[in-house]
Each structure stands twice: as structure tokens, then as C-alpha cells.
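Coordinate inspection notes
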Amino acid sequence: MKNIILLLFFSLSITNYASTSTNNKSINKMMTTPKDSVLRHVVIFKFKADATKQQITAVEEAFSALPSKISEIKDYEWGLNNSPEGLSKGFTHCFFVTFKSEEDRAIYLPHPDHKAFVTLLTPILDDVFVLDYWTN
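Let me sum up the structure you'll find in this document. Computed from a prediction, not measured in an experiment: that's the story for all the values here.

This part is about the overall build of the chain. A count of helical and extended segments in the chain gives four helices and four strands. Going from the N terminus to the C terminus, the chain shows its helices and strands as α-β-α-β-β-α-α-β. Considering the chain as a whole, with its 136 residues, one finds that 26% of them fall into the buried category. Carbon and sulfur atoms make up 60% of the accessible area of the chain, which amounts to about 9600 Å² in all.

Take a look at the structure:
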């Protein structure tokens, strides 16, 4: 009888562990890429001191034209730094490019229109900061 009780307890423990392990994997997957989550590609520019206003405007316009050229871009916005904290380290322009999947981002990065944009940007770019994340 004691062996039957131990066997029953052991079986229930294994079943509970397997269920918990499966649930934890599902929860972890949902936390990294929730169903309604989108992938944000954040790009922040610091331009060279000798970059002209016309060159910077050309970069702004070229980046803003990418959503009409690359269908994988689901949303786009940008703006200029106006933080009063003084912590920008010379970075002035912030761009948010939104994708539905990592596959869409993988199409965007080597896309000929994106590469043409990078070619326009590179001569006046002092530094760039890029961060990608899944929204929560």
C-alpha cells in the first residue's frame, strides 16, 4: 500500500512538473514576443560638426521616404532631441521604424533603398546608436 501511495505521489509530481514546465515555456515565449507586440528599430544619430543643414535635411527626407519604398516597414516616426537634461552626448535625431517580425527587419536591413539611404548618411554621420526591442 505504501508503494502504491509513493507511486501515485511520484506520478502526480511528474505530471505537475511537466505541466509547469510547458506553461513556463509558453509564458516566456509570450513575454519575449507577445501576440500584439511589434518590433521597434530605434536609430539615433549624431552628425559631424561640419554637416550642413542641407545635408541633414536630405538625410531626414531620405529616411522619411523609406516607408513608401519598403513595404515591410509598418510604422515610422522621428523627432529631434529636446531634452533639458543635457545627457544626449551630441545625438540629435531619433528615428523609430516598426516591423511586425524579425523576418521583416531582415528584409529591410539589406534592402537596396535602405543601403542607398546609408550611403547618403555615412559622409556626415559622426556616430549612431541602434537598439531593437519587442514592445510590451
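Now that the structure is up, let's keep going.
Another aspect to go through is the nonpolar core. When a protein is soluble and globular, its nonpolar side chains tend to lie buried together. Among the nonpolar cores identified, the biggest contains 21 residues, and Phe 45, Phe 47, Phe 63, Ile 73 and Tyr 108 are the most heavily contacted of them. Among the elements of the structure, strand E1 (39-47), helix H2 (53-69), strand E3 (93-99), helix H4 (112-121) and strand E4 (125-134) are those that each provide at least two residues to this core. With residues up to four places along the chain from it excluded, the contact list for Ile 73 reads Leu 66, Pro 67, Val 97, Thr 98, Phe 99 and Tyr 108.

The final tally for this structure, using the stated rule, is two salt bridges. The closest approach of N and O atoms between Lys 46 and Asp 126, which form a salt bridge, is 3.6 Å. In this pair, Lys 46 sits in strand E1 while Asp 126 sits in strand E4, placing the two residues 80 residues apart along the sequence. The partly exposed category is assigned to Asp 126, whose relative accessible area is 43%. Note that Arg 105 and Asp 132 form a salt bridge whose closest N and O atoms lie 2.7 Å from each other. Note that Arg 105 is positioned in helix H3 (residues 102-108) and Asp 132 in strand E4, a separation of 27 residues in sequence. Using a relative accessible area of 18% as the deciding quantity, one classes Arg 105 as buried. The class for Asp 132 is partly exposed, based on a relative accessible area of 28%.

A separate point is the sheet that holds strand E2 (residues 75-80). One open sheet accounts for four strands, arranged E2-E3-E1-E4; its pairing is antiparallel. With one partner strand each, in any of the chains shown, E2 and E4 form the two edges of the open sheet. If you compare each strand with its neighbour and ignore which way they point, the axes differ by 15 degrees on average. Where E1 and E4 come together, nine bridges link them in antiparallel fashion. Note on E4: the bridge partner recorded for Val 43 is Val 130. Its contacts with the sheet put H2 on E1, E2 and E3, and the angle it makes with E2 is roughly 160 degrees.

What follows deals with unusual backbone geometry. Even without glycine at this site, Lys 89 takes up a positive phi of about 55 degrees. For Lys 89, the location among the structural elements is in the loop between E2 and E3. On the basis of relative accessible area, Lys 89 is assigned to the exposed category, the value being 69%.

Here we take up a nonpolar patch on the surface. Among the surface-exposed residues, Phe 129, Leu 131 and Tyr 133 lie close enough to one another that they form a single nonpolar patch of about 270 Å² accessible area. Within the secondary structure layout, Leu 131 lies in strand E4.

Quick notes on the rules
- Residue positions within a chain follow its written sequence, with the count starting from 1.
- Local features are withheld for residues below a pLDDT of 70 in this predicted model, meaning they are given only at 70 or higher, and side-chain atom pairs are given and counted only at 80 or more; totals for whole chains, interfaces and linings count all residues.
- Remark: hydrogens and water are excluded; side-chain values derive from all non-hydrogen atoms of the structure.
- Per the convention used, a helix needs a DSSP run of H or I reaching at least four residues, while a strand needs a run of E reaching at least two, with both numbered from the N terminus.
- Exposure classes here rest on a 1.4 Å probe applied to the protein chains alone. A residue is buried below 20% of its type maximum, exposed above 50%, and partly exposed in between.
- The method behind every accessible area is Shrake-Rupley, applied with a 1.4 Å probe, and residues are considered shielded solely by the protein chains displayed.
- Among the buried residues, those of types Ala, Val, Leu, Ile, Met, Phe, Trp, Tyr and Cys that are joined through side-chain atoms within 4.5 Å form a nonpolar core.
- In this description, contact between two residues means that some pair of their heavy atoms is separated by no more than 4.5 Å.
- For this document, the term salt bridge refers to a Lys or Arg side-chain nitrogen within 4 Å of an Asp or Glu carboxyl oxygen.
- Between any two strands, pairing holds if DSSP finds at least two bridges.
- Axis angles are defined between N-to-C directions and span 0 to 180 degrees, where every axis is a line fitted to C-alpha atoms and, for a helix, only to the segment in contact.
- Patch membership needs two things, relative accessible area over 30% and no salt bridge, and members are linked within 9 Å if like-charged or within 5 Å if nonpolar (Val, Leu, Ile, Met, Phe, Trp, Tyr).

Everything listed here is a matter of geometry and, on its own, says nothing about what the molecule does.
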